[in-house]
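Survey of secondary and tertiary structure
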Amino acid sequence: MGRCSNIKELQINEEIREREVRLIDVDGSQVGVMPTRKALEIAFDRKLDLVKVAPNAKPPVCRIMDYGKYKYELAKKEKEAKKNQKVINVKEVRMTPNIEDHDLKVKANRAMDFLKNGDKVKVSVRFRGRELGHTDAGKEVLANFAELTSECGVIDRHPKMEGRNMIMYLVPKTE
């Protein structure tokens with residue numbers, strides 16, 4: 001049972017233990033099946049590495065390449081792919097069911113800033129004590145909040161009770 005089959009790193013040069021390998025040249029042309037030792041000699045003569053690219057094939061496929069350059073190119077591509085990703089953060093705005101109009105507008109402006117930056121906004125209304133009997137007031141506050149932020153965001157998840165909190169999610173509007 002070979003332990004190398006689940007290793008992500010490719011086997012190079014002396015790490016290749018097979019007796020015979022199918023060799024592929026630098027330009028991608030097939031050289032043919034030959035003993036591993038001979039393939040290593042060819043690679044070393046060209047001052048390059050012998051890299052096993054298809055370990056599960058019979059016989060395994062090896063390629064002559066500059067392994068350091070290959071790893072560098074892979075890292076560069078990965079970095080480029082990471083650069084194009086957009087990380088979405090979830091920002092939270094907390095309120096109470098009896099929030100005043102001005103305070104609600106201030107919180108809405110803050111949430112609009114988050115939405116303009118491309119972040120998701122979690123809007124929560126916290127109920128304490130007897131306020132739990134008046135969840136309709138919390139729904140009303142969240143509806144007003146959604147209306148105030150409607151130019152920058154849309155409701156992703158409608159208001160829903162989770163324990164003592166009523167939670168709603170807003171996402172940035174897409175043009």
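Here the structure is a predicted model, which is why all the values come from computation and not from measurement.

Analysis parameters
- Residues numbered from 1 in each chain as written.
- Predicted model: local features only at pLDDT ≥ 70, side-chain atom pairs only at ≥ 80, totals over all residues.
- Heavy atoms only, no water.
- Helix = DSSP H or I, 4+ residues; strand = E, 2+ residues; numbered from the N terminus.
- Rg over C-alpha atoms; globule rule 2.2 N^0.38 Å.
- Buried < 20%, exposed > 50% of the residue type's maximum accessible area, 1.4 Å probe, protein only.
- Contact = heavy atoms within 4.5 Å.
- Areas by Shrake-Rupley, 256 points an atom, 1.4 Å probe, with all protein chains shown as cover.
- Lys, Arg positive; Asp, Glu negative; His and termini not counted.
- Charge placed at Lys NZ, Arg CZ, Asp CG, Glu CD.
- Pairing = 2+ DSSP bridges.
- Axes fitted to C-alpha atoms, helices over the stretch in contact; angles between N-to-C directions.
- Salt bridge = Lys/Arg side-chain N within 4 Å of Asp/Glu carboxyl O.
- Phe/Tyr/Trp six-rings, centres within 6.5 Å; stacked < 30°, edge-to-face > 60°.
- Lys NZ or Arg CZ within 6 Å of the ring centre and 35° of its normal.
- Arc of directions from axis to C-beta.
- Parallel < 35°, antiparallel > 145°, perpendicular 65-115°, else oblique.
- Left-handed = near helix turned anticlockwise from the far one by under 90°.
- Nonpolar A, V, L, I, M, F, W, Y, C, P; charged D, E, K, R; others polar.

1. Quick notes on the overall build of the protein chain
Each helix and strand in the protein chain was counted, giving four helices and eight strands. Reading the helices (α) and strands (β) of the protein chain from amino to carboxyl end gives β-β-α-β-β-α-β-α-β-α-β-β. On C-alpha atoms alone, the protein chain measures out to a radius of gyration of 30 Å, which is more than a quarter above the 16 Å that the 2.2 N^0.38 rule sets for 175 residues. Within the protein chain, the fraction of its 175 residues that count as buried is 33%. Taking the contacts inside the protein chain whose residues are at least 6 apart along the sequence as the reference set, 55% of them involve residues at least 24 apart. Counting every atom, the protein chain has about 12400 Å² of accessible surface; 48% of that belongs to carbon and sulfur. Treating the 36 positive side-chain charges of the protein chain as one cloud and the 28 negative ones as another, the clouds have centres 4 Å apart.

2. Details of the sheet that holds strand β2 (residues 30–35)
The pairing of strands in a sheet happens through backbone hydrogen bonds and is either parallel or antiparallel. Taking strand neighbours across the sheet as the criterion, the four strands line up as β2-β1-β4-β3 in an open arrangement whose pairing is mixed. The sheet terminates laterally at β2 and β3 (49–54), the two strands that pair on one side only. Between one strand and the next, the sheet's axes are offset by a mean angle of 35 degrees, whatever the strand orientation. Here five bridges tie strand β1 (residues 20–24) to β2, and the two strands are oriented antiparallel to one another. Counterpart to leucine 23 in the pairing with β2 is glycine 32. Contacting β1, β2, β3 and β4 (61–65), helix α1 (residues 36–45) runs over the sheet at an angle of about 130 degrees to β2.

3. With respect to the side chain of glutamate 131
Its place among the elements puts glutamate 131 in the loop between β6 (120–126) and α4 (135–148). An unpaired buried charge is present at glutamate 131: no salt bridge exists, and arginine 128, the closest side chain of opposite charge, is 5.2 Å distant. Each residue touching glutamate 131, except ones within four places of it in the same chain, is listed here: Pro97, Asn98 and Arg126.

4. Brief notes about the packing of aromatic side chains
One pair of aromatic rings is described through two measures. These are the centre distance and the angle between the planes. Overall, the coordinates contain one aromatic pair when judged by the stated rule. Over the aromatic face of tyrosine 169 sits the side chain of lysine 120, whose NZ or CZ is 5.6 Å from the ring centroid.

5. Digging into α1
Taken together, the buried positions of α1 are occupied by Thr36, Ala39, Leu40 and Ala43. In a view along the axis of α1, the buried residues occupy a sector of 100 degrees, so they form one face of it. For α1, exposure combined with an orientation more than 90 degrees from the buried face picks out Arg37 and Asp45. Contacts made by the buried residues of α1 are with β1, β2, β3 and β4. In the segment just after α1, lysine 47 is the residue with positive phi, at about 60 degrees.

6. Observations concerning the packing of helix α3 (residues 101–116) against α4
One can describe the packing of α3 onto α4 by two numbers: an axis separation of 9 Å at closest approach and a directional angle of 50 degrees. Considering the angle they form, α3 stands oblique to α4. Where α3 crosses over α4, the handedness of that crossing is right-handed. Packed against α3, whose contacting residues are Leu104, Lys105, Lys107, Ala108, Ala111 and Met112, the element α4 presents Val141, Asn144, Phe145 and Leu148 at the interface. Of the residues contributing to the contact of α3 with α4, the split by class is seven nonpolar, one polar and two charged.

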